[in-house]
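Structural features, examined
The lines below spell out each chain.
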Amino acid sequence: MNYVIRDAKQEDMAQVLGLIQELAIFEKEPDAVEITVEELIREGFGDHPLFHCFVAEVKDEIVGIALVYYRFSTWQGRSIHLEDLIVKESMRGTGLGKALYKEVLKYAKSKGVRRVEWVVLDWNTPAIDFYEKSGAKLLKDWYLVQMDQDGVNKFVSES
């Protein structure tokens, strides 16, 4: 299979959003995606982009993405967070996921970060197995904590 992995461009964001929506369905959250193409363009391609996106392309179709951004660790310094690595369902098992993963790790190495981190759903055993085989550690004694916009508004107004 011939594919190209490259940095995303603004004009890719409609296809990127399509893959984000496909991931939401896979993760059993089909109505969770609120972001728009315009937001992806504004936040990813302005003077101070908030993320970097790689795309995997086959015959002019984007069939995979990896979206990363910087975080800061008080223990390790600058790190990279892999927000999503998505491969179109019809392309899974072709090696594209591994190629995108390697591209993220090469990017992290080129940026001199001390850590790359991400989250994986506990029921996604193929991904967990892949990550463990690659040398990644699963931190099973930590919880992911989030507060949505409604929760933030409620907490701030009550405090």
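These remarks concern the structure in this document. Just so it is clear, the structure is predicted and the values come from calculations on it, not from any experiment.

Describing the overall build of the chain
Scanning the chain from N- to C-terminus turns up five helices and five strands. Along the chain direction, N to C, the helices and strands of the chain fall in the order β-α-α-β-β-β-α-β-α-α. Expected size for 159 residues packed as a compact globule is a radius of gyration near 15 Å; at 16 Å, the chain falls within 12% of this value. Split into buried and exposed, the 159 residues of the chain put 31% on the buried side. Sequence-distant contacts, at least 24 apart, represent 57% of the contacts inside the chain between residues at least 6 apart. Accessible area of the chain: about 11,200 Å², with a carbon and sulfur share of 51%. Across the chain, the centroid of the 20 positively charged side chains sits 10 Å from that of the 27 negatively charged ones.

Observations concerning the pattern of salt bridges
Taken as a whole, this structure holds nine salt bridges when the rule is applied. Between Glu57 and Arg6 there is a salt bridge, with the nearest N and O atoms lying 3.1 Å from each other. With a gap of 51 residues between them, Glu57 in strand β2 (residues 52–58) and Arg6 in strand β1 (residues 4–7) connect regions that are remote in the sequence. In this structure, Arg71 engages Glu117 in a salt bridge whose closest nitrogen and oxygen atoms are separated by 3.0 Å. Of this pair, Arg71 sits in strand β3 (residues 61–73) while Glu117 sits in strand β5 (residues 116–117), and the two are 46 residues apart along the sequence. Relative accessible area serves as the criterion here: at 19%, Glu117 is assigned to the buried category. Several salt bridges converge on common partners, so that one network encompasses Arg6, Asp12 and Glu57.

Here's the deal with the packing of helix α1 (residues 13–26) against helix α2 (residues 37–45)
Two numbers describe how α1 lies on α2: the axes approach to 9 Å, and their chain directions differ by 110 degrees. Relative to α2, α1 is oriented roughly perpendicular. For the pair α1 and α2, the sense of crossing is right-handed. Along its contact with α1, which presents Met13, Ala14, Leu17 and Ile20, the element α2 presents Val37, Leu40, Ile41 and Phe45. Partitioned by chemical class, the residues of the contact of α1 with α2 number eight nonpolar, no polar and no charged.

Focus on the side chain of Glu57
By relative accessible area, Glu57 is classed as buried at 18%. Within the structure, Glu57 has its side chain in polar contact with the side chain of Arg6 (distance 3.1 Å). Setting aside residues up to four positions removed in sequence, Glu57 forms contacts with Asn2, Tyr3, Val4, Arg6 and Ile62.

Here's the deal with the pairing of β2
Burial analysis of β2 places six of its seven residues in the buried class, the great majority of the element. Summarising the sheet, β1 and β2 pair through four bridges and their orientation is antiparallel. What sits directly across from Asp7, in β2, is Phe54. Note: β2 against β3, seven bridges, orientation antiparallel. Looking at β3, one finds that Val55 is bridged to Ile65. Following β2, the chain reverses through two residues before pairing antiparallel with β3; Lys59 in that reversal takes a positive phi of roughly 50 degrees.

Here is what the cut-offs are and how they apply
- Residues numbered from 1 in each chain as written.
- Predicted model: local features only at pLDDT ≥ 70, side-chain atom pairs only at ≥ 80, totals over all residues.
- Heavy atoms only, no water.
- Helix = DSSP H or I, 4+ residues; strand = E, 2+ residues; numbered from the N terminus.
- Rg over C-alpha atoms; globule rule 2.2 N^0.38 Å.
- Buried < 20%, exposed > 50% of the residue type's maximum accessible area, 1.4 Å probe, protein only.
- Contact = heavy atoms within 4.5 Å.
- Areas by Shrake-Rupley, 256 points an atom, 1.4 Å probe, with all protein chains shown as cover.
- Lys, Arg positive; Asp, Glu negative; His and termini not counted.
- Charge placed at Lys NZ, Arg CZ, Asp CG, Glu CD.
- Salt bridge = Lys/Arg side-chain N within 4 Å of Asp/Glu carboxyl O.
- Axes fitted to C-alpha atoms, helices over the stretch in contact; angles between N-to-C directions.
- Parallel < 35°, antiparallel > 145°, perpendicular 65-115°, else oblique.
- Left-handed = near helix turned anticlockwise from the far one by under 90°.
- Nonpolar A, V, L, I, M, F, W, Y, C, P; charged D, E, K, R; others polar.
- Polar contact = N/O pair within 3.5 Å; in protein donor to acceptor, adjacent residues only side chain to side chain.
- Pairing = 2+ DSSP bridges.

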